[in-house]
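# Chains, contacts and geometry: an overview
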Amino acid sequence: MTSDSPSALAELERLRASIDNIDAALIHMLAERFRCTKAVGELKARSSLPAADPNREARQIERLRQLARDAHLDPDFAEKFLAFVIREVIRHHEAIAAQANGSHE
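The structure reproduced in this document is the subject of the present report. The shown structure was predicted, so the numbers you read here are calculated from the model rather than taken from an experiment.

A few words now on the overall build of the protein. Scanning the protein from N- to C-terminus turns up 3 helices and 0 strands. The secondary structure elements of the protein, listed N-terminal to C-terminal, are α-α-α. Each of the three principal axes of the protein carries a C-alpha extent, and together these read 75 × 30 × 15 Å. For the protein, the computed accessible surface area is about 8200 Å², with 60% contributed by carbon and sulfur atoms. Placing the 15 positive and 17 negative side-chain charges of the protein at their respective mean positions leaves the two points 5 Å apart.

Spelled out as structure tokens, the structure:
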């Protein structure tokens, strides 16, 4: 070990603690987002609206790409991340709609 090792290890631990805090915040933010999208899915099911809204999705993708550019984050990564989240939201909305349709039979 070099004489810098204890300092480097302390810095590594500090950075990892920040990463852990950010990861926790991301999980809580995603949970809140999915609580909101669940309410949207329930509203869509009650109103017989489709689970997917391609126009909204396209606007959101472009909005997130711009946010990523502004934050110096790879816009392609941001788009892939949002596409993953959107697919999951649509899956939830379809399940909510199916459940709502099944409860009326």
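Turning our eyes to something else, we now look at the pattern of salt bridges. Counted by the stated rule, this structure contains 8 salt bridges. The salt bridge involving Glu32 is made with Arg35; its shortest N-O contact spans 3.0 Å. Taken together, the positions of Glu32 and Arg35, both in helix α1 (residues 5-46) and 3 residues apart, correspond to about one turn of that helix. Note that Glu62 and Arg69 form a salt bridge whose closest N and O atoms lie 2.9 Å from each other. Taking relative accessible area as the criterion, Glu62 reaches 42% and is therefore assigned partly exposed.

What counts, and at which threshold
Residues numbered from 1 in each chain as written. Predicted model: local features only at pLDDT ≥ 70, side-chain atom pairs only at ≥ 80, totals over all residues. Heavy atoms only, no water. Helix = DSSP H or I, 4+ residues; strand = E, 2+ residues; numbered from the N terminus. Areas by Shrake-Rupley, 256 points an atom, 1.4 Å probe, with all protein chains shown as cover. Lys, Arg positive; Asp, Glu negative; His and termini not counted. Charge placed at Lys NZ, Arg CZ, Asp CG, Glu CD. Salt bridge = Lys/Arg side-chain N within 4 Å of Asp/Glu carboxyl O. Buried < 20%, exposed > 50% of the residue type's maximum accessible area, 1.4 Å probe, protein only.

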